[in-house]
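Letter by letter, the chains look like this.
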Amino acid sequence: MADTRQVTSTVTIRRAVRGDLDAVVAIENVSFPTPWSRALLASELHQPGSVYLVADIAGSVAGFVGLWHVLDEGHICTLAVSPDWRGHGIGELLVLAALRAAIEVGSDAVHLEYRVGNGPAEALYRKLGFERVGMRAGYYSDTGEDAVLARLTGLGSTSGRERLKAAWERWRQERGLQVAID
Ligand SMILES: CC(C)(COP(=O)(O)OP(=O)(O)OC[C@H]1O[C@@H](n2cnc3c(N)ncnc32)[C@H](O)[C@@H]1OP(=O)(O)O)[C@@H](O)C(=O)NCCC(=O)NCCS
């Protein structure tokens with residue numbers, strides 16, 4: 001994958017389209033021990049009640065996030081950033097964008113799960129205010145790892161909205177990248 005970090009400073013967050021599938025599959029395959037299949041990802045992109053967003057940098061997909069709306073809550077079902085772009089704030093930006101999408105449809109809470117040994121994911125979610133609410137023993141059948149269940153609540157409240165706004169501002173100040181929301 002081309003390293004475009006030297007030639008652009010704008011990240012565009014937009015809805016994933018069918019043309020993104022090759023890039024999404026490539027990132028999926030290098031990011032998870034048991035990647036979702038191309039067919040599953042293709043159907044996920046267009047599932048009613050799901051929102052898939054990509055971070056597009058100079059026409060290349062740097063990462064993606066998936067959000068399901070389940071009743072009145074959001075569920076972040078997947079998140080991955082290309083190894084070329086890790087450590088540049090893209091994962092955090094994608095989660096912020098997913099939280100914003102959840103608020104837009106009226107969700108007050110977002111939950112998710114991650115492997116107990118996934119330090120980067122844990123640090124990212126904790127940074128954004130997610131709290132551990134439980135564990136599922138042996139949830140990941142490929143490795144037998146436990147899942148940590150985490151949750152962020154109060155998104156729709158005034159303080160929740162202010163927290164999210166502050167997180168966006170902090171992101172903009174910390175990272176040397178412009179953001180466009182499409
Ligand atoms: C987890 C993942 C999405 C993070 O994406 P990223 O773009 O590299 O993360 P960011 O640069 O936005 O980092 C945001 C915060 O996450 C945490 N973080 C990210 N990578 C980290 C690492 N390697 N070690 C410790 N903390 C890390 C930090 O708190 C960081 O904030 P900081 O830069 O102020 O320290 C990425 O590592 C990935 O795609 N991993 C494989 C797939 C995966 O595990 N997905 C999550 C499944 S639930």
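Here we summarise the structure given alongside this text. By convention here, each chain's residues receive numbers from 1 onward along its written sequence. With the structure being a predicted model, the display of local features is reserved for residues of pLDDT at least 70 and the display and counting of side-chain atom pairs for 80 or more, all residues being used for whole-chain, interface and lining totals.

## Thoughts on the site of the ligand
For clarity, the cut-off: Whether a residue is near a molecule or strand depends on its C-beta atom, placed from the backbone, lying within 6 Å of it. Working definition: helices are DSSP H or I runs of at least four residues, strands are E runs of at least two. Numbering for both runs from the N terminus. Each residue is assigned to one of three groups, with Ala, Val, Leu, Ile, Met, Phe, Trp, Tyr, Cys and Pro labelled nonpolar, Asp, Glu, Lys and Arg labelled charged, and all others, Gly among them, labelled polar.
Around the ligand lies a shell of 19 residues, among which Arg86, Gly91, Glu92, Pro120 and Leu124 are the nearest. Of all the secondary structure elements, the ones that give two or more residues to the shell around the ligand are strand 4 (73-81), helix 3 (90-104) and helix 4 (119-127). Residues belonging to the shell around the ligand are distributed by class as follows: nine nonpolar, seven polar and three charged.

## A short note on the packing of helix 1 (residues 21-31) against helix 2 (residues 38-45)
For any two helices packed against each other, the geometry comes down to the angle between their axes and how far apart the axes lie. Rules: Only the stretch in contact is used when a helix axis is fitted, and all axes are lines through C-alpha atoms; the angle between N-to-C directions ranges over 0 to 180 degrees. For classification purposes, angles smaller than 35 degrees are called roughly parallel, those larger than 145 roughly antiparallel, those between 65 and 115 roughly perpendicular, and all remaining angles oblique. Whether a crossing is left-handed or right-handed is set by the direction in which the near helix is turned from the far one by less than a right angle, anticlockwise for left-handed and clockwise for right-handed. Two residues qualify as a contact pair if the distance between their C-beta atoms, derived from the backbone, is within 7 Å.
Running from amino to carboxyl end, helix 1 crosses helix 2 at an angle of 125°, the nearest separation of the two axes being 10 Å. Taken together, the axis directions place helix 1 and helix 2 in an arrangement best described as oblique. For the crossing formed where helix 1 meets helix 2, the hand is right-handed. Residue-level contacts link Leu21, Val24, Val25 and Glu28 of helix 1 to Arg38, Leu41 and Ala42 of helix 2. Taken together, the residues of the contact of helix 1 with helix 2 sort by class into five nonpolar, no polar and two charged.

## Looking at the packing of helix 3 against helix 5 (residues 158-174)
Between helix 3 and helix 5, the shortest axis-to-axis distance is 11 Å and the interhelical angle comes to 155°. By the angle between their directions, the pair helix 3 and helix 5 is classed as roughly antiparallel. Seen from above, helix 3 lies across helix 5 with left-handed handedness. The segment helix 3 lies against helix 5, with Glu92, Leu93, Leu96, Leu99 and Arg100 engaging Leu164, Ala167, Trp168 and Trp171. Broken down by class, the residue content of the contact of helix 3 with helix 5 amounts to seven nonpolar, no polar and two charged.

## So, the nonpolar core
So the rule is basically this: Core membership is restricted to buried Ala, Val, Leu, Ile, Met, Phe, Trp, Tyr and Cys residues, and these are joined into a nonpolar core through C-beta atoms within 7 Å. Exposure criterion: with C-beta atoms placed from backbone coordinates, a residue whose C-beta has 20 or more other C-beta atoms within 10 Å is buried, one with 12 or fewer is exposed, and one in between is partly exposed.
Core analysis: the biggest nonpolar cluster contains 42 residues, and Leu53, Ala55, Phe64, Val65, Leu94, Ala97 and Ala98 have the highest contact counts within it. With ten residues, the top contributor of residues to this core is helix 3. Residues within four places of Phe64 in sequence aside, it is in contact with Ala16, Val24, Ile27, Tyr52, Leu53, Val54, Ala80 and Leu94.

## Quick word on helix 3
Here is the rule we go by: Multiplying 1.5 Å by the residue count of a helix minus one yields the expected span of that helix.
Taking 1.5 Å per residue, 15 residues should reach 21 Å; helix 3 reaches 21 Å between its end C-alpha atoms and fits that length. Judged by how many residues are buried, helix 3 sits mostly within the fold: eleven of 15 residues are covered. Of the positions making up helix 3, those classed as buried are Ile90, Gly91, Leu93, Leu94, Val95, Leu96, Ala97, Ala98, Leu99, Ala101 and Ala102. Looking at the residues trailing helix 3, positive phi occurs at Gly106, about 90°.

## Details of the sheet that holds strand 5 (residues 109-115)
Pairing between the strands of a sheet comes from backbone hydrogen bonds, and it takes one of two forms, parallel or antiparallel. Short version of the rule: Strands pair, by our definition, only if DSSP identifies at least two bridges between them.
Here eight strands make up an open sheet; going across it, the order is 6-7-5-4-3-2-1-8 and the pairing mixed. Either end of the sheet is taken by a strand with one partner, and the two such strands are strand 6 (131-136) and strand 8 (178-181). Mean inter-strand twist for the sheet, computed between neighbouring axes without regard to direction, equals 25°. Of the strand pairs in this sheet, strand 3 (residues 60-70) and strand 4 are connected by eight bridges, and their pairing is antiparallel. Bridging from a neighbouring strand, Trp68 pairs with His75 of strand 4.

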